[in-house]
Amino acid sequence: MFGDQGALPTDRALHGPPPRSGLSFKMVLQAVGRTLRKSKAKPNGKKPAPEEKKIYLEPEHTKSRITDFEFKELVVLPREIDLNEWLASNTTTFFHHINLQYSTISEFCTGETCQTMAAGSTQYYWYDERGKKVKCTAPQYVDFVMSSVQKLVTDEDVFPTKYGREFPPSFEALVKKICRYLFHVLAHIYSSHFKETLALELQAHLNTLYAHFILFVREFNLLDPKETAVLDDLTGLLCSGAGAAGTGAAAAAHNHVKER
Ligand SMILES: [Zn+2]
């Protein structure tokens, strides 16, 4: 199974193996429906996770990209560019793209459909500026993420754009924090809104964005592998070659963050 920090104790048994290839999307939906009905009838009263079958792992979907571009090369720091400048411009771009991707399904992500910010059995909590845990729904969490990241990337003291201004000493830590939040949003889209993404035919965009983002955070050790473990199965399929091996490589990296 996956990393279980912050994991809910419920429904572990419902996470069966991914459906075999060759099944039609309709059959998968029917199977999900059956699982849901069956699990609702369980006497323990535990509510099933929103999407037990990981449809996003279906080969027909993981093959879907908008480009075959080699992102592994694209994320590498160009020789003449300052590292912080590179981190700043990429982080800002990922923020805009992930915000846009979430906006395509945001009407389906409501306080009713997503009462907590979850990705499979992992649950994320928001902490306010004083470090107090805030109880919030998924759309509220995403709103907190997007407004706090927006504030950071437009703050001249944190993301300087004017000539001669320096990046603050805390810059790398802030970039890691932003990447962690953005990953939570991607993980929520995959685990709770992949069906809507499919209906909108935006799975190729999502997969491409995810693969690019993961290769970027790996290149600069911006995320703890434990943080991304919730989507390791997907990462293994989308970031071919780098996938399964990447977890180990990233785990061996010397400067990855420990905090959550
Ligand atoms: Zn949602």
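Thresholds, definitions, all that
Residues numbered from 1 in each chain as written. Predicted model: local features only at pLDDT ≥ 70, side-chain atom pairs only at ≥ 80, totals over all residues. Heavy atoms only, no water. Donors = N, O, S within 2.8 Å, 3.2 Å for Na, K, Ca; no water. Tetrahedral: all angles 85-135°; square planar, octahedral: opposite > 155°, others 65-115°. Helix = DSSP H or I, 4+ residues; strand = E, 2+ residues; numbered from the N terminus. Axes fitted to C-alpha atoms, helices over the stretch in contact; angles between N-to-C directions. Parallel < 35°, antiparallel > 145°, perpendicular 65-115°, else oblique. Left-handed = near helix turned anticlockwise from the far one by under 90°. Contact = heavy atoms within 4.5 Å. Nonpolar A, V, L, I, M, F, W, Y, C, P; charged D, E, K, R; others polar. Core = buried A, V, L, I, M, F, W, Y, C linked by side-chain atoms within 4.5 Å. Buried < 20%, exposed > 50% of the residue type's maximum accessible area, 1.4 Å probe, protein only.

The name that an unreviewed UniProt entry assigns to the chain is MOB kinase activator 2 isoform X1, with the source organism given as Echinops telfairi.

1. So, the coordination of the zinc ion
Listed as protein donors to the zinc ion are Cys109 (SG), Cys114 (SG), His188 (NE2) and His193 (NE2); their distances from the metal cover 2.0 to 2.3 Å. The site at the zinc ion holds four donor atoms, and with the angles between them running 103 to 119 degrees, its shape is tetrahedral. Counting residues between consecutive donors of the zinc ion along the chain gives the motif C-x4-C-x73-H-x4-H. In this pair, cysteine 114 is assigned in the loop between α4 (83-105) and β1 (117-119) and histidine 193 in helix α6 (residues 171-199), connecting sequence segments 79 residues apart.

2. Topic: the packing of helix α5 (residues 138-153) against α6
At a closest axis distance of 10 Å, the pairing of α5 and α6 adopts a crossing angle of 150 degrees. The angle between α5 and α6 places the two elements in the roughly antiparallel class. The element α5 and its partner α6 pack so that their crossing is left-handed. Residues Ala138, Tyr141, Val142, Val145, Met146, Ser148, Val149, Leu152 and Val153 of α5 lie in contact with α6, whose contacting residues are Leu174, Ile178, Tyr181, Leu182, His184, Val185 and His188. Its residues assigned to classes, the contact of α5 with α6 shows 13 nonpolar, three polar and no charged.

3. A word on the nonpolar core
In summary, soluble globular proteins display a tendency toward joint burial of nonpolar side chains. Counting residues in hydrophobic clusters, the biggest one holds 63 residues, and the most contacted among them are Phe183 and Phe213. Element by element, the count of residues in this core is highest for α6, at 15 residues. Residues in contact with phenylalanine 213, not counting those within four places in the same chain, are Phe94, Ile98, Cys179, Leu182, Phe183, Leu186 and Leu223.

4. Some thoughts on the packing of α4 against helix α7 (residues 203-219)
Taken N-terminus to C-terminus, the directions of α4 and α7 make an angle of 155 degrees; their axes are 11 Å apart at the nearest point. In terms of axis orientation, α4 runs roughly antiparallel to α7. Handedness of the α4/α7 crossing: left-handed. Along the contact surface, α4 presents Trp86, Leu87, Asn90, Thr91, Phe94, His97, Ile98 and Gln101, while α7 presents His205, Leu206, Leu209, His212, Phe213 and Phe216. Grouping the amino acids of the contact of α4 with α7 by side-chain chemistry returns eight nonpolar, six polar and no charged.

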